[in-house]
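Fold and contact review
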Amino acid sequence: MKIYENAKELIARGLEERDKELAAVKEIIADVRARGDKAVFEYEAKFDGTLLSKRNFRVSAEEILRAYDEISPDLLESLRLAIGNIYTYHMRRGAKDDVREEDGRTTGYVVRPVKSAGIYVPGGTAPLASSVLMGVLPAKAAGVERVVVVTPAKNGKVHPLVLVAANECGANEIYKAGGAQAIAALAYGTESLKKVNVIAGPGNIYVTLAKKEVYGQVGIDMLAGPSEILIIADDSADPDFIAADILSQAEHDVLSRAVVLTDDAELARKISLGTEDRLRDLPRSEIARESLKHGGGIVLVKNMAQACLIADDFAPEHLELFTKHPEDLLPHIHNAGAVFLGGYTPEPIGDYFAGPDHILPTGGSAAFFQALSEDTFTRKMSIISYTREALLKDAEHVIELAESEGLYGHAAAVRARVGKLTEEEQ
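Quick caveat: nothing in here was measured; it's all calculated off a predicted structure. (Residues numbered from 1 in each chain as written. Predicted model: local features only at pLDDT ≥ 70, side-chain atom pairs only at ≥ 80, totals over all residues. Heavy atoms only, no water.)

**Digging into the overall build of the protein**
A tally of helices and strands in the protein yields 17 helices and 14 strands. Taken over 426 residues, the protein has a buried fraction of 50%. Counting contacts in the protein only where the partners sit at least 6 residues apart, residues at least 24 apart contribute 75% of the total. When the accessible surface of the protein is summed, it comes to about 21,100 Å², and 52% of that surface belongs to carbon and sulfur atoms. (Helix = DSSP H or I, 4+ residues; strand = E, 2+ residues; numbered from the N terminus. Buried < 20%, exposed > 50% of the residue type's maximum accessible area, 1.4 Å probe, protein only. Contact = heavy atoms within 4.5 Å. Areas by Shrake-Rupley, 256 points an atom, 1.4 Å probe, with all protein chains shown as cover.)

**So, helix α4 (residues 61-68)**
Those residues of α4 lying buried are Glu 63, Ile 64 and Ala 67. Relative to the axis of α4, the buried residues are bounded by an arc of 100 degrees and lie together on one face. Facing away from the buried side of α4 by over 90 degrees, the exposed positions are Ala 61 and Leu 65. Residues of α4 that are buried sit in contact with α7 (160-169) and β6 (173-176). (Arc of directions from axis to C-beta.)

**Here's the deal with the packing of helix α2 (residues 19-35) against helix α9 (residues 205-214)**
Taken N-terminus to C-terminus, the directions of α2 and α9 make an angle of 60 degrees; their axes are 9 Å apart at the nearest point. By the angle between their directions, the pair α2 and α9 is classed as oblique. The chirality of how α2 crosses α9 is right-handed. Along its contact with α2, which presents Glu 21, Leu 22, Ala 24, Val 25, Lys 26 and Ile 29, the element α9 presents Ile 205, Tyr 206, Leu 209, Ala 210, Glu 213 and Val 214. By residue class, the composition of the contact of α2 with α9 is nine nonpolar, no polar and three charged. (Axes fitted to C-alpha atoms, helices over the stretch in contact; angles between N-to-C directions. Parallel < 35°, antiparallel > 145°, perpendicular 65-115°, else oblique. Left-handed = near helix turned anticlockwise from the far one by under 90°. Nonpolar A, V, L, I, M, F, W, Y, C, P; charged D, E, K, R; others polar.)

**Structural notes on the pattern of salt bridges**
Under the counting rule described, the total for this entry stands at 18 salt bridges. One salt bridge in this structure joins Asp 240 and Arg 278, with 3.0 Å as the shortest N-O distance. Within this pair, whereas Asp 240 is found in helix α10 (residues 239-250), its partner Arg 278 is found in helix α11 (residues 265-279), the two being separated by 38 residues in sequence. By relative accessible area, Asp 240 is classed as partly exposed at 34%. Between Arg 289 and Glu 276 there is a salt bridge, with its nearest N and O atoms 2.9 Å apart. Residue Arg 289 is found in helix α12 (residues 285-295), and its partner Glu 276 is found in helix α11; the two are separated by 13 residues along the sequence. Bridged by salt links that share partners, the residues Asp 31, Arg 35 and Glu 42 form one connected network. (Salt bridge = Lys/Arg side-chain N within 4 Å of Asp/Glu carboxyl O.)

**As for the nonpolar core**
Counting residues in each nonpolar core, the largest one holds 42 residues, and the members touching the most others are Leu 79, Ile 119, Val 132, Leu 133, Val 144, Val 149 and Phe 377. Residue assignment for this core shows that the elements contributing at least two residues are α4, α5 (73-92), β4 (116-120), α6 (129-142), β5 (146-151), α7 and β7 (198-200). Not counting residues within four places of it along the chain, the set of residues in contact with Val 149 comprises Ile 119, Val 121, Val 136, Ala 166, Ala 171, Glu 173, Ile 174 and Tyr 175. Counting 32 residues, the second largest nonpolar core, distinct from the first, contains Ile 28, Val 32, Val 40 and Leu 52. (Core = buried A, V, L, I, M, F, W, Y, C linked by side-chain atoms within 4.5 Å.)

**Considering the pairing of strand β13 (residues 338-341)**
Here β13 shows a buried face lined by Ala 338 and Phe 340 and an unburied face lined by Val 339 and Leu 341. In terms of strand pairing, strand β12 (residues 318-322) meets β13 through four bridges, oriented parallel. Note on β13: the bridge partner recorded for Leu 321 is Leu 341. (Pairing = 2+ DSSP bridges.)

**What to know about the sheet that holds strand β14 (residues 378-386)**
As summarised here, the arrangement of the three strands in space is β2-β3-β14, forming an open sheet in which the pairing is antiparallel. Sheet topology places β2 (98-102) and β14 at the edges, where each strand pairs with a single neighbour. Across the sheet, the mean angle separating the axes of adjacent strands is 15 degrees when strand polarity is ignored. Across five bridges, the pairing between β2 and strand β3 (residues 105-113) is antiparallel. Directly across from Glu 102, in β3, lies its bridge partner Arg 105. Set on the sheet, helix α16 (residues 388-404) makes contact with β3 and β14; between it and β14 the angle comes to about 90 degrees.

**What about the packing of aromatic side chains?**
In the structure shown here, the tally under the stated rule is five aromatic pairs. The structure contains a cluster of three or more aromatic residues connected by ring pairs, namely Phe 41, Phe 57 and Tyr 175. In this structure, Lys 380 packs its charged tip against the face of Tyr 109, placed 4.5 Å from the ring centre. (Phe/Tyr/Trp six-rings, centres within 6.5 Å; stacked < 30°, edge-to-face > 60°. Lys NZ or Arg CZ within 6 Å of the ring centre and 35° of its normal.)

**What about the environment of Leu 10?**
With respect to the element layout, Leu 10 can be found in helix α1 (residues 8-11). Sequence-wise, Leu 10 and Ala 142 are 132 residues apart; in three dimensions their C-alpha atoms are separated by 39 Å. Aside from chain neighbours lying at most four places away, what touches Leu 10 is Tyr 4, Arg 257, Val 259, Gly 295, Gly 296, Gly 297, Ile 298 and Val 299.

**Description of unusual backbone geometry**
Even without a glycine there, the phi angle at Asn 155 is positive, about 55 degrees. Residue placement: Asn 155 occurs in the loop between β5 and α7.

**Considerations on the packing of α10 against α12**
In a packed pair of helices, the relevant descriptors are the angle between the two axes and the axis-to-axis distance. At a minimum axis distance of 9 Å, the contact between α10 and α12 shows a crossing angle of 100 degrees. In this view, α10 runs roughly perpendicular relative to α12, as classed from their interaxial angle. When α10 is examined against α12, the residues Ile 246, Leu 247 and Ala 250 are found in contact with a partner set consisting of Ile 287, Ala 288, Ser 291 and Leu 292. Split into classes, the residues belonging to the contact of α10 with α12 amount to six nonpolar, one polar and no charged.

Printed below as a string of structure tokens:
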């Protein structure tokens, strides 16, 4: 793993606009809008080798039951414990109504869930059941009535762990569809799949571009790209732990990013050697090695203050503070999807089990996006209520402001009430 003296070259990245992929996505979306089920089925046959019809497009109850027979009792227990942690976390932090009255003026908001949500679950090189939990459970905690899961089926079959996870989380519908065609189906609806209000969940470049294209027709969570981790470490950190954490992200994808910032040159050397040692035994070593070659590295910084500044500029998806007193650095961190404090909090704890969501902003978008939560699936509706006395007190100010903008009809709506109330008093 290469060691750098300057961070600029290493941290530059973002969601690239790809003309070829974007053109393909637009064509697929237009086709699904025009031809519905038929278009989705044709793309699934083309891209995933899955032959679909109205009969088998939606996963059946029988398929879900069979899936339970294909996973071990121990795995099911772990899954259920993770579901409990994640659901409890999202339930405890849900937005609450806030309506207050003062001097006859009642203002505030009430929180309402959207009616329906579509959760995209990738189906690429590994079954990502954890993405089911992290997408479905916040929607259920928000009170969404209809939660739909879409996921690619390979040769007609969805991985059993994904089906069990979706069922355990309470998903209402599961469909065999992936890529841009699945996003288009969720956004516009087809004969078999009714459209949703919000689409959430990570995916490849085609999924991300498709979400970007349909935004406005539906709400979306964020534009997620390849996974990334940034680790800030001082001389108290265990280099072997850091090497393991680096590879936990590098194994995701050849485009994944894994960056370490440290003020200790000897630690940097040990991390570099340790990463190479661990690569030899990693089953997905080819993917991880390619990832580290193009998007990984160790940067030597002057001090922890500089490390925090670089981290904020990078705005990573995952940020590990692997220092003697990580809580001292936290006030200086503003841009990150999720922060992991201390040497006993490896990033996979957040991926699978702790509770906070692992669907996080990437590519620097943590500077303006936040982690997926129940907030993604709710809306705040403003509430305003005036008494007779409050209206009389504020009316002239409202009239003054409305007429200053040339909106005399607005002013008249207030003046009409003031006139009526004045007559009643006389």
